[in-house]
Amino acid sequence: MIINFDKAATTKLRKEVLEEMLPYLEDYYGNASSMYRIGQKSKGVIESSRTKIAELLNCKATEIYFTSGGTESDNWAIKGVADTFQNKGRHIITTKIEHHAVLHTMEFLESRGYEVTYLNVDGEGFVDLKELENSIRNDTILISVMYANNEIGTIEPIETISEIAKRRNILFHVDGVQALGNIKIDLEKLNVDLMSFSGHKVNGPKGIGILYVKNGTKITPLIHGGTQERGKRAGTENVAGIVGLGKAIECAVENLEEKRVQLLPLRDKLIEDLTSIKGIVLNGPILKRLPGNVNISIEGVKSQELLIFLDMKNICASSGSACTTGSIEPSHVLKAIGLNDDLAKNSLRLSLDYENTFEEVETVTNILKDAIITLRR
Ligand code: PLP
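Residues numbered from 1 in each chain as written. Predicted model: local features only at pLDDT ≥ 70, side-chain atom pairs only at ≥ 80, totals over all residues. Heavy atoms only, no water.

Remarks on the domain arrangement of the protein
Going by this rule: By convention here, the domain bounds are inherited from an automatic or database domain assignment. Contacts are residue-level and defined by heavy atoms, with any inter-residue pair within 4.5 Å sufficient. Values labelled buried area give the accessible surface lost by two parts on being combined, using a 1.4 Å probe and summing over both. Two N or O atoms count as a polar contact when they lie within 3.5 Å, although within protein this holds only if one can serve as hydrogen donor and the other as acceptor, and sequence-adjacent residues are included solely when both atoms are side-chain atoms. Think of it this way: any DSSP run of H or I at least four residues long counts as a helix, any run of E at least two long counts as a strand, and we number them from the N terminus. Lys, Arg, Asp and Glu make up the charged group, whereas Ala, Val, Leu, Ile, Met, Phe, Trp, Tyr, Cys and Pro make up the nonpolar group; the residues left over, Gly among them, are polar.
Domain boundaries assigned for the protein yield domain 1 (3-11 + 256-376) and domain 2 (15-254). A straight line from the C-alpha centre of domain 1 to that of domain 2 covers 27 Å. Contacts between the two partners involve 29 residues from domain 1 and, on the opposite side, 34 residues from domain 2. Interface of domain 1 and domain 2: buried area, both sides summed, is about 2,600 Å²; carbon and sulfur atoms make up 53% of it. Counting the contacts that link domain 1 with domain 2 gives 20 residue pairs in polar contact (both at pLDDT 80 or more). Residue assignment for the side of domain 1 that touches domain 2 shows that the elements contributing at least two residues are helix H9 (256-275), strand E10 (293-298) and helix H11 (332-336). Looking at the side of domain 1 that touches domain 2, its residues break down into 13 nonpolar, 11 polar and five charged.

As for the nonpolar core
How we decide: Put simply, a nonpolar core is a bunch of buried Ala, Val, Leu, Ile, Met, Phe, Trp, Tyr and Cys residues held in one set by side-chain atoms that sit within 4.5 Å of each other. A 1.4 Å probe rolled over the protein chains alone gives each residue an accessible area, and that area as a share of the maximum for its type sets the label: buried under 20%, exposed over 50%, partly exposed in between.
In terms of nonpolar packing, the biggest core is built from 60 residues, with Ile143, Tyr147, Phe172, Ile185, Val192 and Met195 touching the most fellow members. Broken down by element, the residue count for this core peaks at eight residues, all from helix H8 (residues 239-254). Both domain 1 (3-11 + 256-376) and domain 2 (15-254) contribute no fewer than three residues apiece to this core. Residues contacting Val192, with those up to four places away along its chain left out, are Ile158, Ser162, Phe172, Val174, Leu187, Tyr212 and Lys214. In terms of nonpolar packing, the next biggest core, distinct from the first, is built from 28 residues, Leu270, Leu274, Val294 and Leu306 among them.

Comments concerning the site of the ligand
Convention followed: Near is defined per residue: the residue qualifies when any heavy atom it owns lies within 4 Å of the molecule or strand.
Around the ligand, a shell composed of 13 residues is seen, among which Thr71, Asp175, Gln178, Ser198 and Lys201 lie nearest. Side-chain polar atom of His99 to an oxygen atom of the ligand: 3.3 Å apart, as the coordinates give it. At a separation of 2.8 Å, an oxygen atom of the ligand approaches a polar side-chain atom of Gln178. Looking at which element gives the most residues to the shell around the ligand, the answer is helix H3 (residues 70-84), with three residues. Broken down by class, the residue content of the shell around the ligand amounts to two nonpolar, eight polar and three charged.

Digging into the environment of Ile92
Its place among the elements puts Ile92 in strand E3 (residues 91-95). Sequence spacing of Ile92 and Tyr118 is 26 residues, and the spatial spacing of their C-alpha atoms is 8.8 Å. When near neighbours in sequence (up to four residues on either side) are disregarded, Ile92 contacts Ile78, Ala82, Met106, Leu109, Tyr114, Glu115, Val116, Thr117, Ile141 and Leu142.

Some remarks on helix H10 (residues 303-312)
Residues that lie three or four places apart on an α-helix share one face, since the helix turns once every 3.6 residues. Test applied: Read the arc as the range of directions from the helix axis to the C-beta atoms.
Buried residues of H10: Ser303, Leu306, Leu307, Phe309 and Leu310, and no others. Along H10, the residues classed as buried sweep out an arc of 160 degrees about the axis, all on the same side. The exposed residues of H10 that point more than 90 degrees off its buried face are Ile308, Asp311 and Met312. In this structure, the buried residues of H10 make contact with E10, strand E11 (315-316), helix H12 (341-345), strand E12 (347-351) and helix H13 (358-376). Looking one or two residues past H10, Asn314 carries a phi angle of roughly 65 degrees, positive in sign.

Examining the sheet that holds strand E6 (residues 171-175)
Defined as follows: A pair of strands is labelled paired if DSSP reports no fewer than 2 bridges between them. Under this scheme, a helix contributes an axis fitted over its contacting stretch, all axes are lines through C-alpha atoms, and angles between N-to-C directions fall in the 0 to 180 degree range.
As summarised here, the arrangement of the seven strands in space is E2-E8-E7-E6-E5-E3-E4, forming an open sheet in which the pairing is mixed. Sheet topology places strand E2 (64-67) and strand E4 (115-119) at the edges, where each strand pairs with a single neighbour. Each neighbouring strand pair of the sheet contributes to a mean axis angle of 20 degrees, computed without reference to strand direction. Contacts between H3 and the sheet are confined to E2, E3, strand E5 (140-146), E6, strand E7 (194-198) and strand E8 (209-213), with E7 contributing the most and set at about 160 degrees to the helix.

As for the packing of H9 against H13
Helix-helix packing: each pair is described by the crossing angle between the helix axes and the interaxial distance. Heads up, the condition is: Throughout this description, any angle smaller than 35 degrees is read as roughly parallel, any larger than 145 degrees as roughly antiparallel, any in the 65 to 115 degree range as roughly perpendicular, and the remainder as oblique. Here is the rule for handedness: rotate from the far helix to the near one, and if that takes an anticlockwise turn smaller than a right angle the crossing is left-handed, while a clockwise turn gives right-handed.
Contact pair H9 / H13: the axes reach a minimum separation of 10 Å and the direction vectors enclose 20 degrees. Taken as axis vectors, H9 and H13 run roughly parallel relative to one another. Relative to H13, H9 is oriented so that their crossing is right-handed. On the side of H9, the interface is formed by Leu266, Lys269, Leu270, Asp273 and Leu274, while H13 contributes Phe358, Val361, Thr365 and Leu368. Here the contact of H9 with H13 is built from residues that sort into six nonpolar, one polar and two charged.

Remarks on the side chain of Thr140
Residue position: Thr140 is located in strand E5. A polar contact is formed between the side chain of Thr140 and the side chain of His91, at a distance of 2.7 Å. In this structure the side chain of Thr140 is engaged in a polar contact, spanning 2.7 Å, whose partner is the backbone nitrogen of Arg137. Beyond its immediate chain neighbours, meaning those up to four positions away, Thr140 contacts His91, Ile93, Ser135 and Ile170.

Spelled out as C-alpha cells, the structure:
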C-alpha cells in the first residue's frame, strides 16, 4: 500500500469526476465549434460547466476562461497584461516565493525589457506589505502574488493586497492554484483582476485550468488561432477536462469545511510529533497555513536521501515543489524565508488531502523517526 503525502504535487481523480467525464470521452466527442447536434452538445456542457464554476467562485460566467492548467494561466495573466499595457509602463511587482510558472515568466519579461521587483517575505513567508507599497511606481502595471504557497503553505493577505492595488489603480493577479479547495474563494469579495486555477490539484483531471479575468480587464491572448473562449484563448476545447474540472470544483467547494476539519488535526499531529525530534524545525507559519501542509528541515539529513528511503517504504513525499525535485539547487522559497543552504537542502514537504488518514500519519511519523536515525548515522 502506498501512502501518498505529496498531494500538493497532484491529487487523484475523484470517482464522481471520472464518471461525469466518461461520456465526453466515449460518446459525445463532437467539436464544440461544429453546427450539428453532437457538436452543440459539447458546446452546451462547456457553457453549463462555466456557469456552475462561476456560481461556485462567485463571479460571472463571462469571466471564466478555460486553459491547459495553472502554468498557462499564470503565463497568460502576466504576459497578457505586460503586452497590453507596455506603453503605459513596464514595471511589475511579484514576490520571491512564487511558483516557477510565475517566476520564469517574469524572467522572460525581464529579457524583453520589463523591470520586475521581487518582494521579500518574512521568516514565515508573509509578503512585506510596506515594501509592496514602497515599490509601486508610476509605471507599475501589474502586481502578482500567490494566494497560498505550494512549499510552505503560507496564506498571503490577498484582500489587503487587493485594496492596495485598487487604491493605486494597478491590476492584481493571484496564483490561486494551491488555494482552491483549501480556502473559500469569493471572487467578487476578493476584488482581484486575474486569478489562476488548476484542475489536478483539486482531484480533477490534469491539463485543464482556469484564468479568471474580471470583466473589463484588457488582456492580450497568449494562444492565437480560432475563436474559442470568446476569441481570447484559441484551440479546440478539452470538453471532458472542462466537465471534470466543473465537477471537481463543485466537490472541492462543497467539502471544503469538512476537509479542513479532517486535515487540521492530522497536520498538527505531524508538526507536533516531528518538531519534537531534535534538530527538526518547522518551515512556514503555524497560523494562516494550508490545512494539509507540513514542511520541515531536518539537521543532518539530505532531502534526496530521505526521499529515496521513504520511497522504498512506499511513502510519497517531496522536498518542495514537484517541478524542482531532482534539482540540487536549494528551494528559492526556503532561501527567501532565511534558511541557509544546508537547512534548505534538508527539507521535507508532506502534503495531505481528504483521502489521508490518522493511521497514515502515525505510520509515516514512525518511519520518519527510523529514517532520521539511520541517515544521521
Ligand atoms: N502555481 C502553483 C502555486 C502551483 O503549485 C502549481 C503546480 O504545482 C502551478 C502554479 C502550476 O499548475 P499546473 O501544474 O496546473 O501547470
